[in-house]
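Structural overview for review
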Amino acid sequence: MLVVMQAHATEEQVRAVCQKIESLGYRAHPIPGAQRTAIGITGNRGEVEAGTLEEMTGVQEVIRVSKPYKLVSRDVKEENTLISFPGTNATFGGPGLAIIAGPCAIESREQAFAVAERVSRAGAQFFRGGAYKPRTSPYSFQGLGEEALRVMADIREKHGMKIVTEAIDNESLELVEEYADVIQIGARNMQNFSLLKRAGRSKKPVMVKRGMSATLEEFLMAAEYVMSEGNYNVILCERGVRTFADHTRNTLDLSIVPAVQRLSHLPIIVDPSHGTGKRNKVTPLSRAAVAVGADGLIVEVHHDPDKALSDGIQSLYPEQFEELMAQVRQIAPVVGRTVPAIGTHAAVGKTIGVQAGVRPAAS
Ligand code: PEP
Ligand code: MN
């Protein structure tokens, strides 16, 4: 159920409707839009009686939302969600693309800083690196845990890049939310509903990666879980799904980008590293992802991939990442996007990050 307020409805009227909803035992999610505020109603007590709400002042209409996802839907919010980081030009869902780069895992302080130096110089506004690794084998490298989080916090301090890293369970999420700027929920956890709910109670933006066999609806429902707990800063990430094709590690499903954008206001980025599993395919698929309208990229880069403890085969050499950025810079303007200029992401307080370009509307 969705309460659409009149364009001129006052804050008190919105508050009164929210209080009414809560008094009926539901949760109210006021989502301000450019034209008007919509209030999503969630709760597991069944349908709300629309009549009482319809009669309240400032209410335009009460709509039944037939789709299973509500808060992620464009029915609730027509315009794109913009997630920004004060003091930087790093955004998700704005005209500027979000570029996340770094190693699969933090292996040592030296390794992390060597990669950070290069990706920062090439223009990445976000640094990635696993501290907790969900590995297929329990005998594979599992990550350095909090030590890795501390290293990444120092990288943010030095290079101004924002930190994106994965939480694999409620315990690691406690620490990840303390150190990171964006909490990553990995493909294997896309339907770990208690973890999604816990992330929904965090104040930090959450990036949900698509599960290996998740449908579009399941993917959106994972984001709905996070939002239902009150965290509306959710980023979706397409990272490939498992198919019969064996020329790549996964099949990168770029068609999900416009499909998501049609249904949801949330930003969606693409991971061509896990999506292909092959270094030589990462740059071509990055170009394609930008061309299809993705809001950003997450790319694995290692200064010495042959010695990487995880995912070396799909990790770019730093010079390959520089070339990827050069190519993406050429594609972006064709689709009305920009790539923030090199070295500007840490420009605290300056406005040089704001560049022309409009994210294309959903079609
Ligand atoms: C990762 O980004 O390091 C990762 C493990 O990704 P995914 O969850 O998509 O496999
Ligand atoms: Mn990886």
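First, a word on what this report is: a plain description of the structure on this page. Just so you know, these numbers come straight off a predicted model, no measurement behind them.

Donor atoms from the polypeptide that coordinate the manganese ion (ligand 2) comprise Cys104 (SG), His274 (NE2), Glu300 (OE) and Asp311 (OD), at 2.0 to 2.4 Å from the metal. Donor residues binding the manganese ion (ligand 2) come from one chain and are separated in sequence as C-x169-H-x25-E-x10-D. You can see cysteine 104 sitting in the loop between strand E7 (98-102) and helix H3 (109-122) and its partner aspartate 311 sitting in the loop between strand E14 (296-300) and helix H11 (318-331), a full 207 residues away along the chain.

For the rest of this paragraph, the subject is the packing of aromatic side chains. The description of two aromatic rings rests on the distance between their centres and on the angle between their planes. Across all of its chains, the model carries 4 aromatic pairs by this definition. Summarising the aromatic geometry, the rings of phenylalanine 193 and tyrosine 225 are spaced 4.5 Å apart at their centres and angled 25° between planes, so their arrangement reads as stacked. On the criterion of sequence distance, the pair formed by phenylalanine 193 in helix H6 (residues 193-200) and tyrosine 225 in helix H7 (residues 216-228) is long-range, its members being 32 residues apart. In textbook terms, an aromatic cluster arises when at least three aromatic residues are bridged by ring pairs, as seen for Phe85, Phe92 and Phe126.

On to the packing of H3 against H11, then. For any two helices packed against each other, one specifies the crossing angle of their axes together with the interaxial distance. Running from amino to carboxyl end, H3 crosses H11 at an angle of 20°, the nearest separation of the two axes being 9 Å. It follows that H3 is roughly parallel to H11 by the angle criterion. Here H3 runs over H11; the crossing is right-handed. For the pair formed by H3 and H11, the contact residues are Arg118, Val119 and Ala122 on the first element and Pro318, Glu319, Phe321, Glu322, Met325 and Arg329 on the second. Of the residues contributing to the contact of H3 with H11, the split by class is 5 nonpolar, no polar and 4 charged.

Quick look at the site of ligand 1 now. In the vicinity of ligand 1, the contacting residues are Arg128, Lys133, Glu166, Gln184, Gly186, Ala187, Arg188, Lys209, Arg239, His274 and Glu300. Interatomic distance of 2.9 Å between a side-chain N/O atom of glutamine 184 and an oxygen atom of ligand 1. One nitrogen or oxygen atom from the side chain of arginine 239 is found 2.6 Å from an oxygen atom belonging to ligand 1. Within the complex, 97% of the 300 Å² of free accessible area of ligand 1 lies under protein. Looking at the shell around ligand 1, its residues break down into 1 nonpolar, 3 polar and 7 charged.

The tendency in soluble globular proteins is for nonpolar side chains to be buried side by side. Val119, Phe127, Leu297, Phe321 and Leu324 are the most contacted members of the largest nonpolar core, which totals 75 residues. For this core, the two domains that each supply at least three residues are domain 1 (2-63) and domain 2 (80-357). Each residue touching leucine 297, except ones within four places of it in the same chain, is listed here: Ala98, Ile99, Ile100, Ile269, Val270, Ser286, Ala289, Val290, Leu324 and Val328. In terms of nonpolar packing, the next biggest core, distinct from the first, is built from 17 residues, Val3, Ala9, Val17 and Ile39 among them.

It is worth spelling out the pattern of salt bridges at this point. Applying the stated criterion across every chain yields a total of 19 salt bridges. Arginine 128 is the salt-bridge partner of glutamate 300, the closest N and O atoms lying 3.4 Å from each other. One end of the pair, glutamate 300, is in strand E14; the other, arginine 128, is in strand E8 (residues 126-128), and 172 residues separate them in sequence. Arginine 128 matches glutamate 300 in its accessibility class, with the two residues each being buried. Here arginine 156 and aspartate 181 are joined by a salt bridge, their closest N and O atoms 2.8 Å apart. Highlighted residues: arginine 156 in helix H4 (residues 146-159) and aspartate 181 in the loop between helix H5 (170-179) and strand E10 (182-185), separated in sequence by 25 residues. Arginine 156 gets classed as partly exposed once you look at its relative accessible area, which sits at 22%. Residues joined in a network through salt bridges with shared partners are Glu117, Arg121 and Lys158.

Another aspect to go through is the layout of surface pockets. The space that makes up the largest pocket amounts to roughly 390 Å³. Residue lining of the largest pocket: 18 residues in total, with Ile41, Thr42, Gly43, Asn44 and Lys70 positioned closest to the centre. Counting only elements with at least two residues in the lining of the largest pocket, the list comes to strand E3 (37-42) and H7. Top contributing element to the lining of the largest pocket by residue count: H7, with 4 residues. Classifying every residue of the lining of the largest pocket by side-chain character gives 7 nonpolar, 5 polar and 6 charged.

Here leucine 71 lies in the loop between strand E4 (59-63) and strand E5 (83-84). With 30 residues separating them in the primary sequence, leucine 71 and isoleucine 41 have C-alpha atoms 8.7 Å apart. Ignoring sequence-local partners within four residues, the contact set of leucine 71 consists of His29, Ile31, Gly40, Thr42, Val76, Glu224, Met227, Ser228, Tyr232 and His265.

Quick notes on the rules
Residues numbered from 1 in each chain as written. Chains lettered and ligands numbered in written order. Predicted model: local features only at pLDDT ≥ 70, side-chain atom pairs only at ≥ 80, totals over all residues. Heavy atoms only, no water. Donors = N, O, S within 2.8 Å, 3.2 Å for Na, K, Ca; no water. Helix = DSSP H or I, 4+ residues; strand = E, 2+ residues; numbered from the N terminus. Phe/Tyr/Trp six-rings, centres within 6.5 Å; stacked < 30°, edge-to-face > 60°. Axes fitted to C-alpha atoms, helices over the stretch in contact; angles between N-to-C directions. Parallel < 35°, antiparallel > 145°, perpendicular 65-115°, else oblique. Left-handed = near helix turned anticlockwise from the far one by under 90°. Contact = heavy atoms within 4.5 Å. Nonpolar A, V, L, I, M, F, W, Y, C, P; charged D, E, K, R; others polar. Near = heavy atom within 4 Å. Polar contact = N/O pair within 3.5 Å; in protein donor to acceptor, adjacent residues only side chain to side chain. Areas by Shrake-Rupley, 256 points an atom, 1.4 Å probe, with all protein chains shown as cover. Core = buried A, V, L, I, M, F, W, Y, C linked by side-chain atoms within 4.5 Å. Buried < 20%, exposed > 50% of the residue type's maximum accessible area, 1.4 Å probe, protein only. Domains from an automatic or database assignment. Salt bridge = Lys/Arg side-chain N within 4 Å of Asp/Glu carboxyl O. 1 Å grid on protein atoms, 1.4 Å probe; cavity = no way out; pocket = protein on both sides within 12 Å on 5 of 7 lines; lining within 4 Å. Points joined across faces, edges and corners; volume = space filled by probe spheres on them.

Shape is all these values report; function is a separate question.
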